[in-house]
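# Commentary on secondary and tertiary structure
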Amino acid sequence: MDPIGRRPVALHTPPQPAKAEPRPAANTVQTPSTPQSVGHTQKSGFEAPGVKALQAPVGTWRAPADSELGKVIHGMLERLKQCDIKIKGDTPESLFRRAILDNKHVSNEQLLAISKVSLEQLDSGPETRQKVLAKVPNARELPVHKFTVAMLSAATGIDAQKLSEACPDLGLTGAPGTPLLYAAKTERMQRSTALHDFTDYLRGAGIKGLNKAVWGVENRVLSAAVSALGGGRY
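Position labels on residues start from 1 in each chain and follow its written sequence. Local features in this predicted model are restricted to residues whose pLDDT is 70 or higher, and side-chain atom pairs enter the listing and the counts only when it is 80 or higher, whereas totals over whole chains, interfaces and linings include all residues. No hydrogens and no water enter the side-chain calculation; it runs on all heavy atoms of the structure.

Another point: the packing of aromatic side chains. How two aromatic rings sit relative to each other is given by the distance of their centres and the angle of their planes. For this analysis, a ring pair means two rings from Phe, Tyr or Trp (six-membered ring only for Trp) whose centres lie within 6.5 Å, classed as stacked if their planes differ by under 30 degrees, edge-to-face if by over 60, and tilted for the remaining angles. All chains considered together, the criterion is met by 2 aromatic pairs. On the numbers, 6.1 Å between centres and 80 degrees between planes, the contact of Phe96 with Phe198 is edge-to-face. Taken together, the residues Phe96 in helix α7 (residues 92–101) and Phe198 in helix α13 (residues 187–204) connect sequence positions 102 residues apart. Accessibility expressed as a relative area gives 1% for Phe96, which makes it buried. Considering the side-chain rings of Trp215 and Tyr234, the 5.9 Å spacing of their centres and the 90 degrees angle between planes classify their relative orientation as edge-to-face. Taken together, the residues span a long stretch of sequence, with Trp215 in helix α14 (residues 210–215) and Tyr234 in the segment after α15 (220–228) at a distance of 19 residues. For the exposure calls, accessible area comes from a 1.4 Å probe over protein chains only, and a residue counts as buried if that area is under 20% of its type's maximum, exposed if over 50%, partly exposed in between. Using a relative accessible area of 4% as the deciding quantity, one classes Trp215 as buried. Here Tyr234 falls in the partly exposed class, since its relative accessible area comes to 38%. Helical segments are the DSSP runs of H or I of at least four residues, strand segments are the runs of E of at least two, and each set is numbered from the N terminus.

What follows is the structure, given as structure tokens:
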């Protein structure tokens, strides 16, 4: 257990007084706890990923954790953790990670642009709000609405309550300006709608190419059809 302490007594070392003096120095290297703890920290290749995971959240493979993008992604994920609603086995965080963050078709530039979207860019407007609440009075109370709001709020940094007030149609299947607007009953359709609302509202806010990155087509109607049929590139 003390290989360093045995080195000075090797047979090939001349037993001269001048060379016997380094012995205490060799022994004292082992007595302090600091060198041992430093060596332990540096040698552990298994612990290194764990340390990095605490400093840089999953997804920062896109950029260093201390870069602008790394900090933006960290903020998004921290906010996503605050909502634990599950739809079809997914929380807002897990769906965002899989469909957006780990999607190679979604660019770093798009992620940065998403983080800068304002409430005014997403606001449905008073006329749409009136139509939505006339058809689905409890729209804001639906789990799928809260799920969608949580994901969009976390990605943009917009206050969730304000976003819900401005966009009661988030999470509803269909479109306010058409006869088709309802709260989907199956969890598969709810999850699909939540993700499509996320991408399409951001497309409407100026994030071009996000529908195509997730659904394969940019057009609002066609991407909604792909979503409803269970398609997607994630």
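What follows covers the environment of Thr178. Within the secondary structure layout, Thr178 lies in the loop between β1 (173–174) and β2 (181–182). When the C-alpha atoms of Thr178 and Lys131 are compared, they prove to be 9.9 Å apart, with 47 residues separating the residues in sequence.

Here the focus is the pattern of salt bridges. One speaks of a salt bridge when a side-chain nitrogen belonging to Lys or Arg is within 4 Å of a carboxyl oxygen belonging to Asp or Glu. Per the stated rule, a full pass over the model turns up 10 salt bridges. A salt bridge links Lys116 to Glu68, with the nearest nitrogen and oxygen atoms 3.9 Å apart. With Lys116 in the loop between α8 (108–114) and α9 (119–122) and Glu68 in helix α6 (residues 68–80), the pair connects residues that are 48 residues apart, well separated along the chain. A salt bridge links Glu165 to Arg140; its shortest N-O distance comes to 3.8 Å. Taken together, the positions of Glu165 in helix α12 (residues 160–166) and Arg140 in the loop between α10 (126–135) and α11 (143–156) put the pair 25 residues apart, joining distant regions of the chain. Within the structure, one salt-bridge network assembled from shared partners comprises Asp90, Arg98 and Arg191.

One non-glycine residue, Lys88, lies in the positive phi region at around 55 degrees. Within the fold, Lys88 resides in the loop between α6 and α7.

Before going further, it helps to examine the nonpolar core. Grouped together as the largest cluster of nonpolar side chains are 49 residues, with contacts concentrated most on Phe96, Ile100, Leu122, Leu163, Phe198 and Leu202. Those elements that provide at least two residues to this core are α6, α7, α8, α9, α11, α12, α13 and α14. Considering each element in turn, this core owes the most residues, 7 residues, to α11. Other than its neighbours up to four places away in sequence, Leu122 contacts Val117, Leu152, Ile158, Leu163, Cys167, Tyr201, Leu202 and Ala205. Definition of nonpolar core: a set of buried residues of the types Ala, Val, Leu, Ile, Met, Phe, Trp, Tyr and Cys, connected through side-chain atoms within 4.5 Å. Any two residues whose heavy atoms approach within 4.5 Å are treated as being in contact.

Before going further, it helps to spend a moment on the packing of α6 against α11. α11 packs onto α6 with a crossing angle of 150 degrees between their chain directions and a minimal axis gap of 7 Å. Here α6 lies roughly antiparallel to α11, going by the angle between them. By crossing handedness, the relation of α6 to α11 is classed as right-handed. Contact residues: Met76, Arg79 and Leu80 in α6; Ala150, Met151, Ser153, Ala154 and Ala155 in α11. Charged residues are taken to be Asp, Glu, Lys and Arg, nonpolar residues to be Ala, Val, Leu, Ile, Met, Phe, Trp, Tyr, Cys and Pro, and polar residues to be all remaining types, Gly included. Residue composition of the contact of α6 with α11, by class: 6 nonpolar, 1 polar and 1 charged. Lines fitted to the C-alpha atoms define the axes, with helices restricted to the stretch that makes contact. Angles between their N-to-C directions range from 0 to 180 degrees. Geometric relationships in this document are graded by angle, where less than 35 degrees denotes roughly parallel, more than 145 denotes roughly antiparallel, 65 to 115 denotes roughly perpendicular, and other angles denote oblique. It is the rotation of the near helix from the far one that decides the hand of a crossing: anticlockwise by less than a right angle makes it left-handed, clockwise makes it right-handed.

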